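Read off the chains here:
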Amino acid sequence: MEWLSAENVVAVGTAVLGIVASGVMVWYERRVPRRKRIGYRVQMDNPIGDDVRSGRANRRLGLFDEAPGMADATLVLLRIENDGSQSIADNDYTGRELHGLTAVFTERTIRGVSVTQPSGTDHLMDHFTPAAGLGYEGNTLRIPRVPLNRGDHFKLLVLLSGGDVGCEIRLSGGIRDGEVHPNRSATPDEKPPLFSRAARMITIMLTLSVLTLAGIVVSGDGTPPPIGCAHGTLTVTGSTAFAPVLKEVAQKYQQDCEGATVVVDAHGSTAGIRDLAAAGKDGKGGTGTPSLIALSDGPKPGDMPELRENRIAVSVFALVVNDDVPLRNLSTRDVRRLYRGEITNWRQLGGPDLAVRMVSRDANSGTRQVFQRRVLGRGEIANSSVDCVHKDDRTAPVIRCELDSTDQVLSTVADLPGAIGYSELNAADRAPGLHHVNLDADPPSVDAIEHGTSAYPYREIEYAYTYGRPPADSLASSFLTYLSRGNGQDVIRTYGHIPCWTPEGMKLCA
């Protein structure tokens, strides 16, 4: 997708408009108190007497001709409303007097007041009593502390005399965290707008931008392959511990990228690296780039400079023992004694009276190499049994056998009382009949390692090797990107590994 495509232009424009609109709204909310507000407006100011001073021909017969001082009478309809964003309670009025608000009718005298309210707000009438502060004197009307829910209002019909229509009318009072303010003039039946003009314009512009972007996306081709897809056949070999991750990622890649075939053939880290090196040398002139990736639990040997590394994840491994051995923690020192053949019975470590049986991996195993490098600091003792049950070398201190895969190790340890082995952590957690042990009281915990709170030693970086740098448009390059930075990251984490391309993983993989 090009940067100046229609989708990008509309998306960026919508984002910029949203940011600007949000900034304006924040500024407005800070500068204009809108949380609690009482607004007022004069909805009617009409003469009802025979007022020659006003110059109006508005003669009335009866009361307003005969009552003293009412020849220049006027009627004012004053609307008072809660137009803020919060309800107003009686204790939100801050004046010291009993009443809450004061209305002043300049140059006129109040002769009487009638209170009206919309349907459904009859409860407001209970507040309009002299005991609650309702009253008038001269040109001043005292209005009680009337609680108003958001949007509620009431009206005061005031009979006045002694002044002209249009004389100033002021409403004053204190509202906690708010204000009392005049609203624009409106007819008696007109409702105040729900949103301001600026808010309506911003909403319309954002809505149009989003609808435009949605239309572009819907009308476009909805079936293009994911970015970076490549075609052909790729073989992934190496680590059996990482094989479950590779198989699921390969399946997802093939679903997302039609025309690609990814075959996972894992038979050990060392064997995978050797196969990759041999396949590369078999290429034309010894510089070929075969469609082959080798996964290794740990770094390659130093004498293979032509192999290019890609750090994929941090794998955590565990020592596992048969459930007949109830030990849950071993020191590194005791583990080394076990694998030197110095401990032959579990009772020497406080366990049951069971002979120690060591179920190990073959020499091609990266899991074994990590164990020897990170925990033992040396190689294991010689193999002494083919079937892990009978001792073929009677001079050997303990039974020790070697198997080809992680699954074989786990099933054998679970079947043999007194057996001990090692495995990738996630596979060990799912296997029945055995349990893993802590090392120096540190548990094999992915979370603890990821957050830097554990010194657990049996862990290693998972490397993906290619023979030289594969072309950018090759299936090998595309699959590696998918595995390390794309959807493969979720699969890696699902199987109990830490992706190298996360913030925490970058530190661990450095």
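Everything in this summary refers to the structure shown in the same document.

The rules we used
Residues numbered from 1 in each chain as written. Predicted model: local features only at pLDDT ≥ 70, side-chain atom pairs only at ≥ 80, totals over all residues. Heavy atoms only, no water. Salt bridge = Lys/Arg side-chain N within 4 Å of Asp/Glu carboxyl O. Helix = DSSP H or I, 4+ residues; strand = E, 2+ residues; numbered from the N terminus. Phe/Tyr/Trp six-rings, centres within 6.5 Å; stacked < 30°, edge-to-face > 60°. Buried < 20%, exposed > 50% of the residue type's maximum accessible area, 1.4 Å probe, protein only. Axes fitted to C-alpha atoms, helices over the stretch in contact; angles between N-to-C directions. Parallel < 35°, antiparallel > 145°, perpendicular 65-115°, else oblique. Left-handed = near helix turned anticlockwise from the far one by under 90°. Contact = heavy atoms within 4.5 Å. Nonpolar A, V, L, I, M, F, W, Y, C, P; charged D, E, K, R; others polar. Pairing = 2+ DSSP bridges. Disulfide = S-S within 2.5 Å.

**Topic: the pattern of salt bridges**
Opposite charge on two side chains permits them to pair, given that their charged atoms come into close proximity. For the structure on display, the rule yields 21 salt bridges. When the shortest N-O distance is used, the salt bridge between Arg 368 and Glu 380 registers 3.9 Å. Taken together, the residues span a long stretch of sequence, with Arg 368 in helix α7 (residues 366–376) and Glu 380 in the loop between α7 and β16 (399–403) at a distance of 12 residues. In this structure, a network of salt bridges that share partners links the residues Arg 333, Asp 334, Arg 337, Arg 340 and Glu 342.

**Section: the packing of aromatic side chains**
As enumerated under the stated definition, the model contains eight aromatic pairs in all. Both rings, one in Tyr 253 and one in Tyr 482, keep their centres 5.1 Å apart while their planes meet at 85 degrees; by these two values the pair is edge-to-face. Taken as a pair, Tyr 253 in helix α4 (residues 243–256) and Tyr 482 in helix α11 (residues 475–484) lie far apart in primary sequence, 229 residues in all. Across the pair, Tyr 482 and Tyr 253 agree in class, each one buried.

**Notes on the packing of α4 against α11**
Two elements in contact, α4 and α11, have axes whose closest approach is 11 Å; the angle formed by their N-to-C orientations is 115 degrees. By the angle between their axes, α4 is roughly perpendicular relative to α11. For α4 against α11, the interelement crossing comes out right-handed. Along the contact surface, α4 presents Leu 246, Val 249, Ala 250, Lys 252, Tyr 253 and Asp 256, while α11 presents Leu 475, Ser 478, Phe 479, Tyr 482 and Leu 483. Broken down by class, the residue content of the contact of α4 with α11 amounts to eight nonpolar, one polar and two charged.

**A closer look at the sheet that holds strand β9 (residues 178–182)**
Pairing is mixed in the open sheet, where five strands are placed in the order β4-β7-β2-β1-β9. Single-partner strands in this sheet number two, and they are β4 (109–116) and β9. Each strand axis lies, on average, 20 degrees off the axis of its neighbour in the sheet, ignoring direction. With seven bridges connecting them, β4 and strand β7 (residues 153–161) associate as antiparallel partners. Paired with Gly 112 across the two strands is Leu 159, which belongs to β7.

**Points about the sheet that holds strand β6 (residues 140–143)**
The pairing of strands in a sheet happens through backbone hydrogen bonds and is either parallel or antiparallel. Pairing in this open sheet of four strands is antiparallel, and the strands run β5-β6-β3-β8 from one edge to the other. Sheet topology places β5 (135–137) and β8 (169–172) at the edges, where each strand pairs with a single neighbour. On average, each strand axis in the sheet is inclined to that of its neighbour by 15 degrees, with strand direction left out of account. As defined by bridge partners, strand β3 (residues 101–105) adjoins β6 across four bridges and the pair is classed as antiparallel. If you follow Ala 103 over to β6, its bridge partner there is Leu 141.

**Overview of the state of the cysteines**
Disulfides are covalent bonds that link the sulfur atoms of two cysteine residues. According to the stated counting rule, one finds three disulfides in the structure shown. Two residues share a disulfide in this structure: Cys 229 and Cys 257, whose sulfurs sit 1.8 Å from each other. Residues Cys 229 and Cys 257 are joined through a disulfide that is left-handed, its torsion about the S-S bond being -65 degrees. Note that Cys 229 is positioned in the loop between α3 (197–219) and β10 (232–238) and Cys 257 in the loop between α4 and β11 (260–266), a separation of 28 residues in sequence. A relative accessible area of 23% means that Cys 229 is categorised as partly exposed. In this model Cys 388 forms its disulfide with Cys 401; the gap between the sulfur atoms is 1.8 Å. An S-S torsion of about 95 degrees defines the bridge between Cys 388 and Cys 401 as right-handed. Of this pair, Cys 388 sits in the loop between α7 and β16 while Cys 401 sits in strand β16, and the two are 13 residues apart along the sequence. Across this residue pair, the class does not change: Cys 388 and Cys 401 are buried. If one numbers only the bonded cysteines of the protein, in the order they occur, the disulfide pattern is 1-2, 3-4, 5-6.

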